[in-house]
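So you can see what is in the structure, the chains are spelled out below.
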Amino acid sequence: MSNFPKGSNIKNIRHYVMGLIYQNGFTSVRVPSSLELARQFGVTRRTARIVLEGLIREGYLIGKNGIGTFTNPARGFKLGHGPQLPLIGVGVNDCSNFYYDYRSGMRFTAAMQAVLEHGANVYPLVHSSCDFEQFRVGLCHAQLDGLFLVQPDFSPEQQTVLTSLGFPVVSLEGEFAGASRIRYDRTAAQQEMFSIALREKRHEILLLYTRTEYFNDEVGIFRDLCDQPGCPVHLRVVQVDAENFEERFAATLKSGPVPELLLIGWRMPPLVIRMLAEAGIDYRKECWLMVSDDFLPVREFCGYVVCPDRPAAVSAAAAELMRRIGDPAASPRKLNIPAFLRRIE
């Protein structure tokens, strides 16, 4: 069964094939035939053939008569100003969703732009701890001067391998031993939201979170504020995942008082809004929402959003990487970029 939505078109086929090239780096792999692509994307075979022929003309694919069509590792993906400048690999996590996840695409684009603006060349990458050996081999072949990773998910052992390859590493939104780390400081935004909740007497607060490693950065300050002596706020904290979200959230709504402020992650608003409506709760009046990130998957949203200063973060990351390239003896640093609270009506 196809993993792609109905109505996929030429653009989606092209993105899928380009994804194969990125994911396989310097390894040439066979691309599905025009017939296979036609079935997978629900288009005619002629449409799929047009995409493949176009990519062959551009040099991204190699057609071998009687064998099939293969990715061309030699084509490369270097963007920048000239061969004499540093070459920086820019990688974003979660390659499976890279071309269909708006959030990942925006992060990747911003990181590449920042590197180019700081006078270096870019070598785009996609990374995942699942395909680590292939990723490592690709880095060695690329002969990079530095590596800029967005939200990496590598294990401590894998991090050690990457920092031993001979070039500096900068991590944005992710722990990485031996690398310079750029993180968003959401403390002030959370404190402001807490003050608003106290002022408006919204003392029943429910916090939903999915990943333990991001809890402290994204919403952990609320727990600390609520632990203060004499604080009138009653905070409930519930961990959920994709499989049990509806069940646990519905049970939480039934088992306790209606939350007056609901703290959630960026992916949650559509489902949360629907379930609140089904429970007869108006999220615009009775239960305010605060989302921990500004990548909202819904256009119509009313509530509070914690907005990281992404331009400042990627610029700081690129500058830090150039600093370490210019001074190989320089130690990695941890830099905090503030986020701010925004009200969306």
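Residues numbered from 1 in each chain as written. Predicted model: local features only at pLDDT ≥ 70, side-chain atom pairs only at ≥ 80, totals over all residues. Heavy atoms only, no water.

*Asks:* Describe empty space enclosed by the protein, naming the residues involved and giving the relevant values.
*Replies:* The full count for this structure, using the stated rule, is one cavity of 30 Å³ or more. Counting only elements with at least two residues in the lining of the largest cavity, the list comes to helix H4 (102-117) and helix H12 (310-326). Along the lines of polarity and charge, the residues of the lining of the largest cavity split into four nonpolar, no polar and two charged. (1 Å grid on protein atoms, 1.4 Å probe; cavity = no way out; pocket = protein on both sides within 12 Å on 5 of 7 lines; lining within 4 Å. Points joined across faces, edges and corners; volume = space filled by probe spheres on them. Helix = DSSP H or I, 4+ residues; strand = E, 2+ residues; numbered from the N terminus. Nonpolar A, V, L, I, M, F, W, Y, C, P; charged D, E, K, R; others polar.)

*Asks:* Outline the packing of helix H2 (residues 34-41) against helix H3 (residues 45-57), listing residues and values.
*Replies:* In the contact formed by H2 and H3, the axes pass within 8 Å of each other and the chain directions differ by 115°. Where H2 crosses over H3, the handedness of that crossing is right-handed. Contacts between H2 and H3 involve Ser34, Leu35, Leu37 and Ala38 from the former and Arg45, Ala48, Arg49 and Leu52 from the latter. Class assignment for the residues of the contact of H2 with H3 results in five nonpolar, one polar and two charged. (Axes fitted to C-alpha atoms, helices over the stretch in contact; angles between N-to-C directions. Left-handed = near helix turned anticlockwise from the far one by under 90°. Contact = heavy atoms within 4.5 Å.)

*Asks:* I'd like a rundown of helix H5 (residues 132-142), residues and numbers included.
*Replies:* Of all the positions in H5, only Phe132, Phe135, Gly138, Leu139 and Ala142 are classed as buried. Viewed end-on, H5 has its buried residues packed into an arc of 125°, placing them on one side of the element. Remark: glutamine 143 follows H5 within two positions and exhibits a positive phi of approximately 55°. (Buried < 20%, exposed > 50% of the residue type's maximum accessible area, 1.4 Å probe, protein only. Arc of directions from axis to C-beta.)

*Asks:* Residue-level account of H3, with values.
*Replies:* For H3, built from 13 residues, the straight-helix expectation of 18 Å at 1.5 Å per residue is met to within 8% by its first-to-last C-alpha distance of 18 Å. Every buried residue of H3 is listed here: Thr47, Ala48, Val51, Leu52, Gly54 and Leu55. Buried residues in H3, looked at end-on, bunch into an arc of 160°, giving them a common side. Within H3, the exposed residues directed more than 90 degrees away from the buried face are Arg46 and Arg57. (Expected span 1.5 Å × (residues − 1).)

*Asks:* Tell me about the packing of aromatic side chains, and name the residues and values.
*Replies:* In total, this model carries seven aromatic pairs according to the counting rule given. Between the aromatic rings of phenylalanine 154 and phenylalanine 176, the centroid separation amounts to 6.4 Å while the plane-to-plane angle is 80°, which identifies the pairing as edge-to-face. Taken together, the residues phenylalanine 154 in the loop between strand S6 (146-150) and helix H6 (156-163) and phenylalanine 176 in the loop between strand S7 (169-172) and strand S8 (180-185) connect sequence positions 22 residues apart. Each member of the pair, phenylalanine 154 as well as phenylalanine 176, carries the same accessibility label: buried. In textbook terms, an aromatic cluster arises when at least three aromatic residues are bridged by ring pairs, as seen for Phe132, Phe135, Phe154 and Phe176. The residue whose ring lies beneath lysine 64 is phenylalanine 70, and the NZ or CZ to ring-centre distance is 4.8 Å. (Phe/Tyr/Trp six-rings, centres within 6.5 Å; stacked < 30°, edge-to-face > 60°. Lys NZ or Arg CZ within 6 Å of the ring centre and 35° of its normal.)

*Asks:* Break down the pattern of salt bridges for me, citing the residues and quoting the values.
*Replies:* Inspection of the entire model under this criterion finds 10 salt bridges. Where glutamate 175 meets arginine 181, a salt bridge forms, and the shortest distance between an N and an O atom there is 2.8 Å. A relative accessible area of 10% places arginine 181 in the buried class. Where arginine 199 meets glutamate 200, a salt bridge forms, and the shortest distance between an N and an O atom there is 3.7 Å. Overall, arginine 199 belongs to the exposed group, its relative accessible area being 55%. Shared partners join several salt bridges into a network, and the residues in it are Glu246, Arg274 and Glu278. (Salt bridge = Lys/Arg side-chain N within 4 Å of Asp/Glu carboxyl O.)

The values are spatial; any link to function lies outside them.
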